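Summary of the model geometry
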Amino acid sequence: MYDEIKAQLSNAYDRKVNERNHRQIQDWKITDRDHFLKQLATNQQNNLLEIGTGIGQDSLFFQEQGLDATCVDLFPANVEACKEKGLNA
């Protein structure tokens, strides 16, 4: 049953990857990312591991801020979207 559910989810994510790549980031997420970036800086952290990264929008933001970001996702289309952005996925 797990394999069937995983396949269904993968198909759903694969169909929507381009749409998610062009979706505007919501204001609350921008605020949360900025807050998290400040926390990382305060603790002198330079590495980020994002599990369930999706298309990598957040990891890309953190990489652009100088962090070493690594992306992990269950679905191949999401991993490819991350790699297309130049992310380690």
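Right, let's walk through the structure included here.

Concerning the packing of helix 2 (residues 27-42) against helix 3 (residues 57-64)
Two elements in contact, helix 2 and helix 3, have axes whose closest approach is 11 Å; the angle formed by their N-to-C orientations is 45°. As judged from the angle between their axes, helix 2 and helix 3 are oblique. For the pair helix 2 and helix 3, the crossing hand works out as right-handed. When helix 2 is examined against helix 3, the residues Lys29, Arg33, Asp34, Phe36, Leu37 and Leu40 are found in contact with a partner set consisting of Gln57, Asp58, Phe61 and Phe62. Partitioned by chemical class, the residues of the contact of helix 2 with helix 3 number 5 nonpolar, 1 polar and 4 charged.

What counts and what doesn't
Residues numbered from 1 in each chain as written. Predicted model: local features only at pLDDT ≥ 70, side-chain atom pairs only at ≥ 80, totals over all residues. Heavy atoms only, no water. Axes fitted to C-alpha atoms, helices over the stretch in contact; angles between N-to-C directions. Helix = DSSP H or I, 4+ residues; strand = E, 2+ residues; numbered from the N terminus. Parallel < 35°, antiparallel > 145°, perpendicular 65-115°, else oblique. Left-handed = near helix turned anticlockwise from the far one by under 90°. Contact = heavy atoms within 4.5 Å. Nonpolar A, V, L, I, M, F, W, Y, C, P; charged D, E, K, R; others polar.

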